[in-house]
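# Commentary on secondary and tertiary structure
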Amino acid sequence: MLFRSWRWRSHTPRDRETGILRGAEPVELAGLPGVPAVLLLHGYFGSPADLGELPEALRAAGYTVHAPLSPGHGTTPRALAGTHPDDWRDAALAEFDLLAQEHDTVHVVGFSLGGWLALEIAAARDAGRVVVVNPYLGETWTPAWLPFSTDAAAAFVEPLIAYVMRTDRFVRLNDRAMLGRVRAYRSVPVTTTVALTAASAASLDSGLLKKVQEPLLALVSEGDRVTPAETARFVLGPLAARGERFAMRTFERSDHLLLLDHDRDAATRAVVDWLAR
């Protein structure tokens, strides 16, 4: 497994100075004076490329946009294996704090892992509006043929396998014409994956959502084969009692990578419209 991981690395174009994969670079876009900033957070073992055209759409609306690269991401699977969910959370909070020094309002938008991190920021800071896109909420999708959960399988093999390999078949994107836009690892460290499941589940169990008071929009793919739509409805559904301060939109044609998939334009518009309220 390790050999295959390093073999893949050697054939992946990357910046010679930073080691960052080509196309996985952090995004910083300047907006108009007096307009809020938006912090965008990508998914697990992914990169800002997960966000599709959303950064440019937000800049066109006048926002200052920062989409950082989470620790361990965008370089090598070994770098990711050396990180922990606490590192990603601390880095996301630090990015928010930097933006908050120069902007009165900072909105937060997170995809997948970034969705959980967006909730963590909203619970710990005074954010503007929040959007979570197919957020990871402590449970991974399990195929019908598997007799036990995907998360249980990961925990079982953790002592035995360092990395799990992903082919194009397992890139959760229905619009295969967009496959070339994806910048994510094909080798994923199992220990880090198990740690993410445990950390996010513990956070939610400790009452994370009760601490989130900002207006919240959830965008959910019905056919998501990473973060189940049923989990999003179960965890976030009770927030409907907040009335206009919570909304959930579902999309029928897309898999997990919603902002790159068939519904990408509608999802991007939904984010821009929510932040403009």
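Here's what I pulled together on the structure shown here. Going along each chain's sequence as written, the residues are numbered from 1 onward. Local features are withheld for residues below a pLDDT of 70 in this predicted model, meaning they are given only at 70 or higher, and side-chain atom pairs are given and counted only at 80 or more; totals for whole chains, interfaces and linings count all residues. Excluding hydrogens and water, the side-chain figures rest on all heavy atoms present in the structure.

## Brief notes about the pattern of salt bridges
The line we're drawing: By salt bridge we mean one thing: a side-chain nitrogen of Lys or Arg within 4 Å of a carboxyl oxygen of Asp or Glu. The way it works is that DSSP assigns letters per residue, a run of H or I at least four long becomes a helix, a run of E at least two long becomes a strand, and they are numbered from the N terminus. A simple rule labels every residue: compare its accessible area, found with a 1.4 Å probe on the protein chains alone, to the largest value its type can have, and call it buried under 20%, exposed over 50%, or partly exposed in between.
Within the structure shown, the criterion is met by 11 salt bridges. Across the pair Arg181 and Glu53 runs a salt bridge, and its minimum N-O distance is 2.9 Å. Placement of the pair is Arg181 in the loop between strand S6 (163-165) and strand S7 (187-189) and Glu53 in the loop between strand S2 (37-41) and helix H2 (54-60), with a sequence separation of 128 residues. The partly exposed category is assigned to Glu53, whose relative accessible area is 45%. Arg264 is paired through a salt bridge with Asp175; the nearest N and O atoms lie 3.0 Å apart.

## Considering the packing of helix H4 (residues 85-100) against helix H5 (residues 113-124)
Worth spelling out the cut-off: The axes used here are C-alpha line fits, helices contributing only the stretch in contact, and every angle between their N-to-C directions lies in the interval 0 to 180 degrees. Geometric relationships in this document are graded by angle, where less than 35 degrees denotes roughly parallel, more than 145 denotes roughly antiparallel, 65 to 115 denotes roughly perpendicular, and other angles denote oblique. Note on convention: the crossing is left-handed when the near helix lies turned anticlockwise from the far helix by less than a right angle, right-handed when the turn is clockwise. By definition, residues are in contact when any of their heavy atoms lie within 4.5 Å. Residue type decides the class: Asp, Glu, Lys and Arg count as charged, Ala, Val, Leu, Ile, Met, Phe, Trp, Tyr, Cys and Pro as nonpolar, and the leftover types, Gly among them, as polar.
Running from amino to carboxyl end, H4 crosses H5 at an angle of 60 degrees, the nearest separation of the two axes being 10 Å. As summarised for this structure, H4 and H5 are arranged oblique, according to the angle between their axes. Pair H4 / H5 crosses with right-handed handedness. When H4 is examined against H5, the residues Pro85, Trp88, Arg89, Ala92, Leu93 and Phe96 are found in contact with a partner set consisting of Leu113, Trp116, Leu117, Glu120, Ile121 and Ala124. Along the lines of polarity and charge, the residues of the contact of H4 with H5 split into 10 nonpolar, no polar and two charged.

## A look at unusual backbone geometry
Not every positive phi belongs to a glycine, and Phe45 is a case in point at roughly 50 degrees. Among the structural elements, Phe45 can be located in the loop between S2 and H2. One non-glycine residue, Ser112, lies in the positive phi region at around 60 degrees.

## Some points on the packing of aromatic side chains
Just so we agree on the cut-off: Under the pairing criterion, centres of Phe, Tyr and Trp rings, with the six-membered ring standing for Trp, must be within 6.5 Å; the plane angle then separates stacked pairs below 30 degrees from edge-to-face pairs above 60, leaving the rest tilted.
One pass over the structure, following the stated rule, counts two aromatic pairs. Between Tyr44 and Phe45, the ring centres sit 5.2 Å apart and the planes meet at 65 degrees, which makes this aromatic pair edge-to-face. Summarising the burial analysis for this pair, Tyr44 and Phe45 share the class buried. Put simply, the rings of Tyr44, Phe45 and Trp88 pair up and form one aromatic cluster.

## What to know about the packing of helix H6 (residues 150-157) against helix H7 (residues 190-205)
Two numbers describe how H6 lies on H7: the axes approach to 9 Å, and their chain directions differ by 135 degrees. The angle between H6 and H7 places the two elements in the oblique class. Between H6 and H7 the crossing geometry is left-handed. On H7, the residues touching Asp151, Ala154, Ala155 and Val157 of H6 are Val190, Val194 and Thr197. The class makeup of the residues in the contact of H6 with H7 is five nonpolar, one polar and one charged.

## Details of the side chain of Asp261
Our working definition: Residues scored as positive are Lys and Arg, those scored as negative are Asp and Glu, and His as well as the terminal groups of each chain are ignored. Residues adjacent in sequence count toward polar contacts only when both atoms are side-chain atoms; beyond that, a polar contact is any pair of N or O atoms within 3.5 Å, and within protein one must be able to donate a hydrogen and the other to accept it.
In this fold, Asp261 is placed in the loop between strand S9 (246-251) and helix H10 (264-275). Of the side chains with opposite charge, Arg264 comes closest to the buried, unpaired Asp261, at an N-O distance of 5.7 Å. Only 2.8 Å separates the side chain of Asp261 from the backbone nitrogen of Asp175, close enough to count as a polar contact.

## Some words on the pairing of strand S3 (residues 64-67)
Defined as follows: Two strands pair under a simple rule: DSSP has to find at least two bridges between them. Consider the strands pointing away from the viewer: the crossover is right-handed when the path from the first strand over the helix to the second runs clockwise.
Side chains Thr64 and His66 of S3 all project onto a buried face; the interleaved residues Val65 and Ala67 project onto the opposite face, where all are buried too. Bridging between strand S1 (residues 27-29) and S3 involves three bridges; their strand directions are antiparallel. Pairing of Leu29 across the sheet is with Val65, part of S3. As defined by bridge partners, S2 adjoins S3 across three bridges and the pair is classed as parallel. Note that in S3 the partner of Leu39 across the bridge is His66. For the crossover that starts at S2, traverses H2 and ends in the parallel S3, the hand is right-handed.

## Section: the side chain of Ser47
Structurally, Ser47 is set in the loop between S2 and H2. Overall, Ser47 belongs to the buried group, its relative accessible area being 0%. Beyond its immediate stretch of four places on either side in the chain, Ser47 contacts Gly23, Ala24, His42, Leu69 and Arg183.

Shape is all these values report; function is a separate question.
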